[in-house]
Amino acid sequence: MSTPIETRYGADLFRRLVEEAEEGVWVIDADSLTVYLNARMAGMLGGQVESLLGKPLWDFMDEAQRELAQGNVARRRQGISEKHEFLFRRLDGSRFWADLSTAPLLNADGSYAGCFAFVSDISWRKAAEQALSESERAYREVFERSHAVKLMLEPESGAIVAANAAAREYYGYTAEEFARLNVSQINTLPPEAIAVEIKLARSEQRSYFLFRHRLKSGEIRDVEVHSNPISVGGRELLYSIIHDIGRQTEAERRMRLTRHTFEHAHIAAVWVATDGCIRDANAYACRMLQGTLAQVVGQPVWRYAPQLQEAQWQERWNQIKAAGALSFRLDIAGADGKSTPIEVHATHMAFDGDEFIIAYARNIQDQVRAEGLLSLQHEVLESLAAGHALGQVMEATARGVETLLPDTRCSILILDGNQLRHGASPSLAPAFMAAIEGLSIGPRAGSCGSAAYFNRVVEVEDVAHDPLWQGYAQLASEHGVAACWSTPIHGSDGRVLGTFAIYYGERRLPSEFHRRVVDACTHLIGIAIEHREAEARVHSLAFYDPLTGLPNRSLFADRVELALAHAIRDNSPLAVLFVDLDRFKTINDSLGHAAGDRLLKTMATRLEQVVRESDTVCRQGGDEFVLLLNDCDALGAASVAEKLIAAAAEKVEFDGLALNGSASVGIALFPDDGTDYDNLLKHADAAMYRAKELGRNAFCFYQPAMDKDAAERLEVEAALRLALSRQELLLHYQPQVHIADGSIYGLEALVRWRHPQWGMVSPARFIPIAEESGLIDAVGSWVLDEACRQMAEWVRIGIAPPRISVNLSARQFRHDDIPALVGQTLARHGLAPAQLTLEITESLMMVRDEQTLAALNKLDAMGVALAVDDFGTGYSSLGYLKRYPVGELKLDQSFVRDLSEDAEDRALASAVVRIGQSLRMTVVAEGVETAEQLAFLQSEGCDVAQGYHFARPLAPVELALWLAARLNRPPH
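Values in this document were obtained by computation on a predicted structure and should not be read as measured data. (Residues numbered from 1 in each chain as written. Predicted model: local features only at pLDDT ≥ 70, side-chain atom pairs only at ≥ 80, totals over all residues. Heavy atoms only, no water.)

Trainee: Help me get a handle on the overall build of the protein, residues and values and all.
Mentor: Helices and strands together make up the secondary structure of the protein, namely 37 helices and 37 strands. Relative to the globule expectation of 30 Å for 972 residues, the C-alpha radius of gyration of the protein, 54 Å, shows a markedly less compact shape. A principal-axis box enclosing the C-alpha atoms of the protein has dimensions of 160 × 95 × 65 Å. Among the 972 residues that make up the protein, the fraction classed as buried is 47%. Look at the contacts in the protein between residues 6 or more apart in sequence, and 55% of them connect residues 24 or more apart. Counting every atom, the protein has about 47900 Å² of accessible surface; 51% of that belongs to carbon and sulfur. Averaging the locations of the 96 positively and 132 negatively charged side chains of the protein gives two centres separated by 6 Å. (Helix = DSSP H or I, 4+ residues; strand = E, 2+ residues; numbered from the N terminus. Rg over C-alpha atoms; globule rule 2.2 N^0.38 Å. Buried < 20%, exposed > 50% of the residue type's maximum accessible area, 1.4 Å probe, protein only. Contact = heavy atoms within 4.5 Å. Areas by Shrake-Rupley, 256 points an atom, 1.4 Å probe, with all protein chains shown as cover. Lys, Arg positive; Asp, Glu negative; His and termini not counted. Charge placed at Lys NZ, Arg CZ, Asp CG, Glu CD.)

See below:
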């Protein structure tokens, strides 16, 4: 038969609630008859479930409780749930107190159907309360006199309501002080945490706690607290017994600390019993023995130290026991079979009737290796002192390192220019070393090439996938190279002499000891290489050019003399070639000597690559090179000359610059052009100058008439030096005209030379000689001063144009303080800065040093205009136009000359105009001679033009007349 609650909530749910309940469950119907109770409830009432069903509630209570029970039933009928205490009577007449949690059961129409109750037996608590109440005085006396530290707390507030004498002595407070204390004043936990703990104790969910309590003195103690709820005089309290566990905690802490220290010490520690078996080991020891603790414990020590077999172990045990402590070295073998040297410090100890050896061990592999390294260093130094060859020293060093570092292979490479050459590689395959012989250093040239290039240690853990080995990964794989660490070998001055590399057959990085070994050996090899270099330097200084490493004049002369002797004996031809780099002085002056030196070295390398090993390339000096070609006729010499010119024309890149050079070559042949060194060299030099006169970037064979030309060049240079002091130079001026309206824009000053005997000397003849000889500085300064003087004169007579343009060489910017020179010149002649325009070459604009940039900015700040002359014919770059304060572009006449016939020239001219317009610069077209040229430039929007269409370069008097006519004013 279903109970009301089963009907209402379902039998399954009801049974699950009843089965999971820890209390007694009692269900009565509307007439207070028992319709259900669980076994726990039946046990409380003293009967069986079946015998109690149907019995009325009133059978289990005294007459004194009936009225109270009827009142409870009445409240249930009203739908009230409540919790209360009640005194029940069992079937045998005995009584017990219980806590009831009751809830009414209602029918679907809301009428009362019965009551459901959870029942807990609290007789024990009532008995305790009764006993306490009856003997409260005796209890308090026992509480007070107890040797245990005891406190009673009010759980709601945490107030301390009682503290016995032991508590007062322990905490240091008087009874009056305790009466004013709260538990939060002695417990170091936050108040909210204390409240949680009190709640757990109060609900009897937990009675054991570990706290830290604060004494009145401020001292903190670790305590163990047992707390239980009690009722005293109807008042709920927490009864706490406190035990000081400080000593226990400290002992445990020390034990944990000792174990932690033992376990994590960076030294191996093992306990070995008398039978030689390991009883305990720390983590470091397990790692050293390459096993887990479970694998190590129980194993005999001779499993790991073969030299300590059982008989030897007993002997060693006796030695340690007799001495108390003993230190010695051993070699141990790990699970991988590799031997490791260790140093052991063993002590004897008796403990709880047992005897042990406590052994502390440390890995001394690095120490042993360091001793080996020291021995190797001594051997190398002795070898150097004995004067052994460099190759022997390097080979011995590499072998010594391979012995110190098993499973490694070593190489020593020597830096030769930009290439690495073989020094020593005792264990690397010859095919591997042959493949990297002559390796050019660079940012992706393996470990060695990159280490030498960047001048730093390069450690490649995984050769197969590292970008530095991208071009050599297959080679490494074929020869079992998985990792490679390379260190630069330095000289005493810090320069890179070569590389010392260690190769490994598996992926890994070097240990600190690897690095120590390599550092020591690179230092020794550096000493050895420098010793060899010092010997070679004496020879090199006498016979080789220090910049390029090419043979110098002395060695070249010797080789030519020797070659001539062979040529005479064998009746064979021979050629001497004289090579000069075109416009090198301009590059050197504008970009600096460092750039010039790098260009010379690059060209020297290229020249050597063109000729045969039997030939000789010599740096004669400056930008001049001479070549000796053995057994070479005119056809062969011409072929080599063409190759030389092509090599020189290849683009040279450095520091973000790209230069396209060129060379002029002169050829003299034996025996037609000379039978001795001096004549062959002189005639090759004369042929080279003729090649320059023919337009550069070409070669010429010697002709007897060239001797006269060479003499004339020297004569012109000497005459030009006199011309500056004799005031033979003069200026002509070419007008510049606004294309839009024909008004005068300005003048360009052009230097001329009137020689007393030669008459007017063409600038094309003397300006190149002035640049080569260095006279261009003096010529440029004179032109600036004379142009400003003449401009001031025109201002005085009232026919001055708006501005005058003067050309400055790049060399002047490196040798003169141009802003100061210009400022002094303008002041001397009373001109405003805006009346002067300085024309500079594109080569100057390529300069990146701050000195040149500062000079140009200073001129711009003064108000002096800057123009780029012959734009588009040199090293054109839009970047410098943005960087430098340039206001004018001059379109070179080579683009203007064929505007009518050449579409490419028209496109280039148009492009220059567009660049000028985009950058808000004035574009001046040079060499305008026809109306058609002018019309095209006007259609493209070009601003200014100069050329024969308007006027030739004119002498000052003629120019004054021309200006006066344009201005409709008579000249003074």
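The discussion continues.
Trainee: Any details on the pairing of strand 29 (residues 729–738)? Residues and values, ideally.
Mentor: Consecutive side chains along a regular strand alternate between the two faces of the sheet. A large share of strand 29 lies buried, amounting to nine of its ten residues. Here nine bridges tie strand 29 to strand 30 (residues 744–755), and the two strands are oriented antiparallel to one another. Bridge pairing links His-732 to Leu-750 in strand 30. Taken together, strand 29 and the strand that follows it, strand 30, pair antiparallel across an intervening segment of five residues, in which Gly-742 is found at a positive phi of about 80 degrees. Relative to strand 37 (residues 944–945), strand 29 runs antiparallel, the two sharing two bridges. Note that in strand 37 the partner of Val-737 across the bridge is Ala-945. (Pairing = 2+ DSSP bridges.)

Trainee: Please set out the environment of Val-401 residue by residue, giving values where relevant.
Mentor: In this structure, Val-401 sits in helix 16 (residues 390–404). On the basis of relative accessibility, which here comes to 0%, the residue Val-401 falls in the buried class. Taking the C-alpha atoms as reference points, Val-401 and Cys-942, 541 residues apart in sequence, are found 74 Å from one another. Beyond its immediate stretch of four places on either side in the chain, Val-401 contacts Leu-376, Thr-408, Cys-410, Phe-500, Ile-502, Val-517 and Cys-521.

Trainee: Tell me about the environment of Tyr-304, and please be specific about residues and values.
Mentor: If you trace the backbone, Tyr-304 turns up in the loop between helix 13 (293–296) and helix 14 (310–323). Considered as a pair, Tyr-304 and Leu-289 are 15 residues apart in the sequence and their alpha carbons are 7.1 Å apart. Setting aside anything within four residues of it in sequence, one finds Tyr-304 in contact with Ile-278, Leu-289, Gln-295, Val-296, Gln-299, Asp-331, Ile-332 and Ala-333.

Trainee: Got a sec to walk through the sheet that holds strand 16 (residues 408–416)? Specific residues and values, please.
Mentor: Ordered in space as 18-17-16-21-20-19, the six strands form an open sheet in which the pairing is antiparallel. Here the strands that pair on one side only, and so sit at the sheet edges, are strand 18 (439–440) and strand 19 (458–460). As paired elements, strand 17 (residues 419–424) and strand 18 share two bridges and run antiparallel to each other. Following the sheet pairing, Leu-420 is matched in strand 18 by Leu-439. Packed onto the sheet, helix 16 meets strand 16, strand 17 and strand 21 (496–504) and runs at close to 150 degrees relative to strand 16. (Axes fitted to C-alpha atoms, helices over the stretch in contact; angles between N-to-C directions.)

Trainee: A description of the side chain of Ser-805 should follow, citing residues and the corresponding values.
Mentor: With respect to the helices and strands, Ser-805 occurs in strand 32 (residues 804–807). Those residues in contact with Ser-805, other than ones at most four positions away along the chain, are Gln-736, Leu-747, Glu-748, Ala-749, Thr-837 and Glu-839.

Trainee: For the sheet that holds strand 10 (residues 235–244), give the residues involved together with the corresponding values.
Mentor: The antiparallel open sheet is built from five strands, whose spatial order is 7-6-10-9-8. If you trace the sheet from one side to the other, it starts and ends with strand 7 (159–163) and strand 8 (208–214), each paired once. Neighbour-to-neighbour, the strand axes of the sheet open up by a mean angle of 40 degrees, direction not taken into account. With seven bridges connecting them, strand 8 and strand 9 (residues 220–232) associate as antiparallel partners. Following the sheet pairing, Phe-211 is matched in strand 9 by Val-223.

Trainee: With reference to specific residues and values, describe empty space enclosed by the protein.
Mentor: Scanning the model with the defined rule gives five cavities of 30 Å³ or more in all. Of the voids in this model, the largest cavity is the one considered here, and its volume is about 320 Å³. Val-270, Val-301, Leu-330, Ile-342 and Ala-359 are the residues nearest the centre of the largest cavity, which is lined by 24 residues in total. Elements supplying a minimum of two residues to the lining of the largest cavity: strand 11 (268–273), helix 12 (283–289), helix 14, strand 13 (325–333), strand 14 (339–351) and strand 15 (354–363). Counted by class, the lining of the largest cavity contains 23 nonpolar, no polar and one charged residues. If you add up the space inside the second largest cavity, you get close to 210 Å³. If you go around the second largest cavity, you meet 17 residues; those closest to its centre are Ile-28, Leu-57, Leu-100, Thr-102 and Cys-115. Listed by contribution, the elements that provide at least two residues to the lining of the second largest cavity are strand 1 (24–29), helix 5 (63–77), strand 3 (82–89), strand 4 (95–106) and strand 5 (112–121). Taken together, the residues of the lining of the second largest cavity break down into 13 nonpolar, three polar and one charged. (1 Å grid on protein atoms, 1.4 Å probe; cavity = no way out; pocket = protein on both sides within 12 Å on 5 of 7 lines; lining within 4 Å. Points joined across faces, edges and corners; volume = space filled by probe spheres on them. Nonpolar A, V, L, I, M, F, W, Y, C, P; charged D, E, K, R; others polar.)

Trainee: Outline the pattern of salt bridges, listing residues and values.
Mentor: Across all of its chains, the model carries 34 salt bridges by this definition. A salt bridge links Glu-355 to Lys-321; its shortest N-O distance comes to 2.9 Å. Of this pair, Glu-355 sits in strand 15 while Lys-321 sits in helix 14, placing them 34 residues apart in sequence. Here Asp-493 makes a salt bridge to Arg-495, at a shortest N to O gap of 2.9 Å. Owing to a relative accessible area of 54%, Asp-493 belongs among the exposed residues under this scheme. Exposure remark for Arg-495: the relative accessible area of 32% places this residue in the partly exposed category. (Salt bridge = Lys/Arg side-chain N within 4 Å of Asp/Glu carboxyl O.)

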